[in-house]
Amino acid sequence: MQYSPSAIDQAAKKIWSDKDIYKVENDISKPKHYVLEMFPYPSGAGLHVGHPLGYVASDIYARFKRMKGFNVLHPMGFDSFGLPAEQYAIETGKDPRDTTKENIATYKKQFDKIGLSFDWSREVVTSSPEYYKWTQWLFIEMFNSIYCYENQRAYSVNVLIKHFEEHGNHNNTAFTTNTVNAFSAEEWKNYSEKEKSDILMNYRLIYTSMGEVNWCEALGTVLANDEVINGRSERGNHPVVKKKMRQWSLRMTAYADRLLQGLEEVEFSNSLKDQQRNWIGKSMGATVTFPLSPSKGRGVPRHATANPAAASILYENAKENRKNATEAEKKLWNEIRNRKLEYKFRRQHPIDNYIADFICLEQKLIIEVDGGYHTQTKEYDDARTAVLNELGYRVIRFTNEEVINDIENVLSKLKREFSAPTTLLPKGEGPGLRVFTTRPDTIFGATFMVMAPEHAMVSEIVTDEYKTKVNEYIAYCKSKSDIDRQAEKEVSGQYTGAYAIHPFTGKLLPIYIAEYVLMGYGTGAIMAVPAEDERDRKFAEKFGIEIVEIFDKTGIDKTEIGDKQGILKNSDFINGLNWKDGFDKVIERMEYDEIGERKTQFRLRDANFSRQRYWGEPIPILWKDEIPIPLDPSQLPLLNPDVDSFLPSKDGQAPNARNEKWVHEIEGYTREVDTMPAFAGSSWYFLRYMDPQNDAEFVSKDLVNYWGQVDLYQGGSEHAVGHLLYARYFNHFLYDRGYISHKEPFKRLINQGMIQGVSAIVYRLVVSGAGKKGCHPIEESDYPEIFISHDVILEVEKRNIEKKYTKFWAEIENQKIVKFTFGYNDVLLSSEEDEEFSCFLVSLFKEFKFDYHLFGIDIEPNFDTNIKSNNLKIDFFKNFVRTELKNIDEFSNLLNIRDFKESRDAYKNAYFIYNSSQEFLVGREVEKMSKSKYNVVNPDDVIAKYGADCFRMYEMFLGPIEQSKPWNTAGIEGVSKFLKRFWNLYFDENGNSKLTKNEATVDELKVLHRTIDKLAKDIENFSFNTCVSALMIALNELNAQKTTSEAILIPLLKSICPFAPHTAETIWSQLGNTNSIIVEEFPSVDEKYLVDDTIEYPVSINGKMRAKVSLAADANEAVAKESALSNETVLKWLEGKEVKKFIFVKGRMINVVI
RNA sequence: ACCUUGGUGGUGGAAUUGGUAGACACGCAGGACUUAAAAUCCUGUGGGCAGUAAUGUCCGUGCGGGUUCAAGUCCCGCCCGAGGUACCA
């Protein structure tokens, strides 16, 4: 047989399919090894060259392990629910069930072309009912589970219900982040079904709550973050707003600590662990409440209700009273302390000139217990009540007997009082501004407060004077995504006119709103410490706010100055302490003063588990009277209903609502119409591969015990915090509920870098409005598309000071652009240099006949008019579209305008701004290869030309697996030549075997065993590029030695098998073997060929390599010194100098210091 | 902005983890074979300077400092690219 990649591929594949070589048996007598790829989404564009990088790598690993005697599970399947298929369905009306099937078929064909050793009998597809039946079952399991924070594990919700029935919610250890009113067992029993359901909803691991979504009114649908650009929809440029909707959520916060601890027992890279740790974001700190001040005068902390003149005496008396509490007082205190009645009570609390027995400040409710220690007259009591009422307090009295004999009645009376309306508190005495800080020790450096612009309290505290400005600023922030807000380089913010009061110093701290504070983190407000925080400092500098230094950093090495160093100063009672001691002391004081408390905060949020989409698992819930009831598992799977369109229903509900018959299929109930997110199915699929056809369980216990953890999980680092955390959470949950026997799903994880695409970027000019104050957005359809050649953009960019601006305003006068405003900086153009560009803009406007109305400018359409006061806003740099690579010339980056116009309807009438050579260039950007970015390169063509093995080895040869790099076929010829020469090592030009029984020489054996040794080590380390190099080196050396010995070439053939299985298999069978080489044993290393008798030592002078000396491998330092110092070159360097130091590292090098 | 990660010849990358920088391959240049081309094979190939040459010598791993006998590798401070930032998967 002649060398021919396609013939080799076919021959090998025939042998494998005849033998069904990849079928994996559950043979528990063999040691197992589970090698898994991250679940691919079967995109309509088919597999691209980026995917196989990881697949080939783990295929090599799996084949290697198999040849090493392991029973290797190496399955593949498809994460086939998701947005792209749905989007395609909306656009074309095609059923995603069909398109998904087609896409999967394409993928499988492509996988097989590459020669990946998957056992397709174990294929798992998330969108198949046989699979999602179990995803739905899991939903119900989680819905019916709660998490006990004391025992750190999940239980059935029945455990909690039983607890409620026996004890109410006293000593309830179920995890929740909500506040739940106290109730007794008796009360629980009397609650309605709805009330019970609502209470349990606080604890279920899957629960409903209100959550925010990106709502696009024009499209009538919820958009993914991906689909929103600058506050507008990617499709159609329509406005997008945040809207509250009822959502299902996954209570991941319950597992925050477990997910953190679990990282200790897995072999992930440190960087990946760091990413997860940072994502979970456990931080220790404190919440502090800063009282608010009215805009004029001073407010006081809410609990400081005593008459200031008498305060110190009153506090002393109160303390005394607490010590001498009566029996009734003690009993009542026991029942109401620690928020047992939801609200906080204080006892013996001074108010004005009195001391109340018990007081709830939130409710302005005072409880007096009569007949106790202080026996006043009725007149006195009445007078006192009158005064308290005057101050806005309600007073409720109980007798000693009532409390002692009928406490239940007392408590229920109290609860009734809570529901009575309370008057709103005046400004400055309100609930205060609550902040979370990880650095309570810096509290004396706090000189201002910053709230997120969307903080609910902003509207309450803003003074009339600042209302307009604050609203303008809020509108500005609304148009930006959280990411954009944080990425903003320019500091911005707006003063509200209000002040908070520093709880220790009483100083007034101005309250700002600013985009850099996000509502989603902590409490949505911060105490700003400009001395210690970079962003706070910048803010303070910009707004001229005082910066109080609080750390004395003298004596600390400049290079080491960082956070948490130095000794506290200007900090009252913590002066002279280090940060940690200050930290503890401040918290201690805050807790005593009841203005704050120690708090552990997680950044991790509960995961949203609802999608208002069609193409996902229907949520197996029925609603009856606002109560969600899970389906009985026997009714699963709940299939995706047929719908007349994949768009949302008329009232904005998920598409499933369109099929009303389905929604009301079961009488008296309404079906949940939301579906699950894509991560539902992909968070547990690795368990299903063990037992893919089991219809009775999601996986049998025996099989999960045998296959256990995934030994090697391979996938992209883009899944570091999403998929990997969800999957770990699901696995921990299943472990807790006793379904599987291991907590962590993935033992070892290798991150593959991405093969990136090089997208073609067509820049677009967006003219969006007019007016000095802000711009009035106009719809995309109001004017035609305008595209600009990339080099023109670069030209504009070059003239800008700030490199990354996104906006500029142009003022136009006498047909010339006279002034540009970039962001906040004015840039005056020197007329000469910018003549050309001015002209381009003017001609642009002429091209459009400059219809001002078109641009939303209300002004005479006359160029000679002075229109200085009206500004156009033109966005360049974040406005671009990507185009298919076939529309451009890969080398010159010229756009084929005709093809481009054809590619979308919207571009048919587009305008193009050329460069001075009348050319139109696209920009190129290296980014993730993805269908949506039109930068996909398909592997099929490569395989057709070079064969599967060449493709496999070339992908490996590109570089380290974990590194990302753009796809480039430049070096593929080298690998192709290698394979051909490798074939020619075994066969002459007539296709006859060249192998002989010649005895191998020592040199040949050295080459062989060093290669095998290198391969075995590098495969374990997932370093495949060096494996390919090693094989190339081996071939070069064996060719030079004209090796024909079987003793060398047969082991070599086996060692290349994991990398180039088609070539190895075909050579193997051509040599007359009838079994498959895949089941042969990987050759082992003979250590004796790895060592050399002599070593060539490099000799350095002062660290620079100057000479070489050959020494026996066991030479000692004395021998080395003698040899080195007598070397000619070394002597030349030594001339006139003495040897100060001689360094000898055995087996490595020699360094002579002179 | 934050978290993670990377930056080495014209290009992809190697470097036993602190010890000969540029393995292996592409590309390029020159040569052999050929009427010619392709394919194949051979030689050279980081840059500067000196030399006819062998060779010698200086510089050189994004930039600026530092530690060390010795730094691509460790430390400090920057610059740039990529991934993620919770509904792409």
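Refer to the preceding data block for the structure.
Chains are numbered independently. Their residues run from 1 in the order of the written sequence. Starting at A for chains and at 1 for ligands, labels are handed out in the order in which the entities are written. Per-residue local features are limited, in this predicted model, to residues with pLDDT of at least 70; the limit for side-chain atom pairs, both in listing and counting, is 80 or more; totals at the level of whole chains, interfaces and linings are taken over all residues. Only hydrogens and water are set aside; all other atoms, that is, all heavy atoms of the structure, feed into the side-chain values.

Q: So what exactly am I meant to see when it comes to the overall build of chain A here?
A: Only DSSP runs of H or I reaching four residues or more are called helices, and only runs of E reaching two or more are called strands; each is numbered from the N terminus. Counting its regular elements, chain A contains 37 helices and 43 strands. Only protein chains enter the accessibility calculation, which uses a 1.4 Å probe; a residue is then buried when its area is under 20% of its type maximum, exposed when over 50%, and partly exposed in between. The buried share of chain A, taken over its 1154 residues, is 52%. In chain A, the proportion of contacts linking residues at least 24 apart, taken out of those at least 6 apart, comes to 71%. Throughout, a contact is declared for two residues whenever any of their heavy atoms are within 4.5 Å.

Q: Just to check I follow, could you spell out the packing of helix α10 (residues 270-280) against helix α25 (residues 723-736) for this structure?
A: To characterise two packed helices, one gives the angle between the axes of the helices and the distance between these axes. Each axis is a line fitted through C-alpha atoms, and for a helix only the stretch in contact is used; angles between axes span 0 to 180 degrees, taken between their N-to-C directions. Contact geometry for α10 and α25: axes closest at 11 Å, N-to-C directions at 75 degrees. In terms of orientation, α10 and α25 fall into the roughly perpendicular class. Within the contact between the two elements, α10 uses L272, Q276, W279 and I280 and α25 uses L724, L725 and R728. Note on residue classes: Ala, Val, Leu, Ile, Met, Phe, Trp, Tyr, Cys and Pro are nonpolar, Asp, Glu, Lys and Arg are charged, and everything else, Gly too, is polar. A breakdown of the residues in the contact of α10 with α25 according to their chemical character gives five nonpolar, one polar and one charged. Each angle gets one of four labels, with under 35 degrees taken as roughly parallel, over 145 as roughly antiparallel, 65 to 115 as roughly perpendicular, and the rest as oblique.

Q: Just to check I follow, could you spell out the environment of R611 for this structure?
A: Mapped onto the secondary structure, R611 falls in the loop between β24 (607-608) and β25 (621-624). A relative accessible area of 28% places R611 in the partly exposed class. With sequence-adjacent residues up to four places away left out, R611 is seen in contact with D674, T675, M676, P677 and F679. A polar contact is formed between the side chain of R611 and the backbone oxygen of N608, at a distance of 3.4 Å. Counted as a polar contact is a pair of N or O atoms within 3.5 Å, where, for protein atoms, one must be capable of donating a hydrogen and the other of accepting one, and residues adjacent in sequence contribute only when both atoms are in side chains.

Q: I keep staring at unusual backbone geometry and nothing clicks. Help me out?
A: Trans is the common state for peptide bonds, and a negative phi is the common state for residues other than glycine. With an omega dihedral of 0 degrees, the bond running from L636 to P637 counts as a cis peptide bond. Along the polypeptide, P637 turns up in the loop between β26 (627-630) and α21 (660-663). If you check the backbone angles, N171 has positive phi at about 55 degrees while not being a glycine. Position of N171 among the secondary structure elements: in the loop between α6 (157-167) and α7 (185-190).

Q: Looking at this structure, how should I read the protein's contact with RNA strand B?
A: Whether a residue is near a molecule or strand depends on its heavy atoms: it is near if one of them lies within 4 Å of it. What surrounds RNA strand B is a group of 68 residues, the closest being N225, Q486, L958, A970 and N1151. The protein-proximal atoms of RNA strand B, defined as those within 4 Å of the protein, are 64% sugar or phosphate. For RNA strand B, a sugar or linking oxygen lies 2.5 Å from a polar atom in the backbone of Q486. Broken down by element, the residue count for the surface near RNA strand B peaks at six residues, all from helix α33 (residues 1024-1040). Looking at the surface near RNA strand B residue by residue, the classes come out as 28 nonpolar, 21 polar and 19 charged.

Q: What's the story with the sheet that holds strand β29 (residues 749-752) in this structure? I'm lost.
A: Strand pairs in the sheet, formed through backbone hydrogen bonds, run parallel or antiparallel to each other. Strand pairing is assigned whenever DSSP detects at least two bridges linking the two strands. Taken in spatial order, the four strands make up an open sheet running β2-β1-β28-β29, and their pairing is parallel. Each edge of the open sheet carries a strand with a single partner, namely β2 (71-73) and β29. Averaged over all pairs of adjacent strands, the angle between their axes in this sheet comes to 20 degrees, without regard to strand direction. Where strand β28 (residues 712-716) lies against β29, four bridges are found, and the strand directions are parallel. Looking at the pairing, G716 lines up with Q752 of β29. In this fold helix α2 (residues 51-67) packs onto β1 (32-37), β2, β28 and β29, with an angle of close to 170 degrees to the strand it touches most, β1.

Q: Looking at this model, I keep getting lost on the packing of helix α32 (residues 1002-1020) against helix α34 (residues 1046-1056). Mind explaining?
A: Close contact between α32 and α34 brings their axes to 10 Å; oriented N to C, the two are set at 15 degrees. Taken together, α32 and α34 sit at an angle that is classed as roughly parallel. Taken as a pair, α32 and α34 cross one another with a handedness that is left-handed. Contacts between α32 and α34 involve E1004, L1005, L1008, I1012 and L1015 on the former and, on the latter, A1047, I1048, P1051, L1052 and S1055. Residues belonging to the contact of α32 with α34 are distributed by class as follows: eight nonpolar, one polar and one charged. Two helices crossing with the near one rotated counterclockwise from the far one by less than a right angle form a left-handed crossing, whereas a clockwise rotation gives a right-handed crossing.

Q: Help me understand the packing of aromatic side chains, please; the structure alone is not making it clear to me.
A: The geometry of an aromatic ring pair is captured by the separation of the ring centres together with the interplanar angle, meaning the angle of the planes. Ring pairs shown here join Phe, Tyr and Trp side chains whose ring centres sit within 6.5 Å, with only the six-membered ring taken for Trp; geometry is labelled stacked below 30 degrees between planes, edge-to-face above 60, and tilted in between. Enumeration according to the criterion identifies 67 aromatic pairs in this entry. With centroids separated by 5.4 Å and ring planes inclined at 70 degrees, the aromatic side chains of F139 and W248 adopt a geometry described as edge-to-face. Within this pair, whereas F139 is found in helix α5 (residues 129-143), its partner W248 is found in strand β9 (residues 241-250), the two being separated by 109 residues in sequence. For the pair shown, F139 and W248 are each scored as buried.

Q: Mind showing me how you'd approach the side chain of T1066 here?
A: Topologically, T1066 is positioned in helix α35 (residues 1061-1070). A polar atom in the side chain of T1066 sits 3.2 Å from the backbone oxygen of I8. With residues up to four places along the chain from it excluded, the contact list for T1066 reads M1, I8, A11, A12 and W983.

Q: Help me understand the nonpolar core in this model?
A: A general tendency of soluble globular proteins is for nonpolar side chains to be buried together. To define a nonpolar core, start from buried Ala, Val, Leu, Ile, Met, Phe, Trp, Tyr and Cys residues and group those joined through side-chain atoms within 4.5 Å. If you look at the biggest cluster of nonpolar residues, it comprises 85 residues, and the most contacted ones within it are M953 and Y986. By residue number, the principal contributor to this core is α2, which donates nine residues. Excluding residues within four positions of it along the chain, M953 makes contact with V975, F978, L979, V1028, L1031, I1056, F1059 and A1060. M38, V266, A654 and F733 belong to the second-largest nonpolar core, a separate cluster that totals 78 residues.

Q: Would you mind going over the sheet that holds β26 with me for this structure?
A: One open sheet holds the three strands; their spatial order is β26-β25-β27, and the pairing between them is antiparallel. Edge positions in the sheet fall to β26 and β27 (670-671), since each has one partner strand and no second. Across four bridges, the pairing between β25 and β26 is antiparallel. Among the inter-strand pairings, K624 is bridged to a residue of β26, identified as I627.

Q: Please clarify how the side chain of K965 should be interpreted in this entry.
A: When you line up the elements, K965 lands in strand β39 (residues 965-966). Buried and unpaired, K965 has no salt bridge, with E962 as the nearest side chain of opposite charge at 7.4 Å. Only 2.9 Å separates the side chain of K965 from the backbone oxygen of P960, close enough to count as a polar contact. All tallies of charge rest on Lys and Arg as positive and Asp and Glu as negative; His and the ends of each chain are not included. Each salt bridge in this description consists of a side-chain nitrogen of Lys or Arg and a carboxyl oxygen of Asp or Glu lying within 4 Å of one another.

Q: I'm lost on helix α20 (residues 579-593) in this one. Help?
A: Three- or four-residue spacings in an α-helix give side chains the same orientation, since the helix completes a turn every 3.6 residues. How far a helix is expected to stretch is found by multiplying one less than its residue total by 1.5 Å. For α20, with 15 residues, the first-to-last C-alpha span of 21 Å sits near the 21 Å given by 1.5 Å per residue. Of the positions making up α20, those classed as buried are G582, F583, V586, I587 and M590. Looking down the long axis of α20, one finds its buried residues gathered within 130 degrees of arc, a one-sided arrangement. Exposed side chains of α20 directed beyond 90 degrees from the buried face belong to E588 and Y592. Looking at the packing, one finds that the buried side of α20 touches β10 (283-290), β22 (567-568) and β23 (596-601). A distance of 3.1 Å separates the backbone nitrogen of K580 from a side-chain oxygen at the start of α20, and that oxygen is part of N578. Positioned one or two residues after α20, E594 has a phi angle of 60 degrees, which is positive. By arc we mean the arc of the directions from the helix axis to the C-beta atoms, nothing more.

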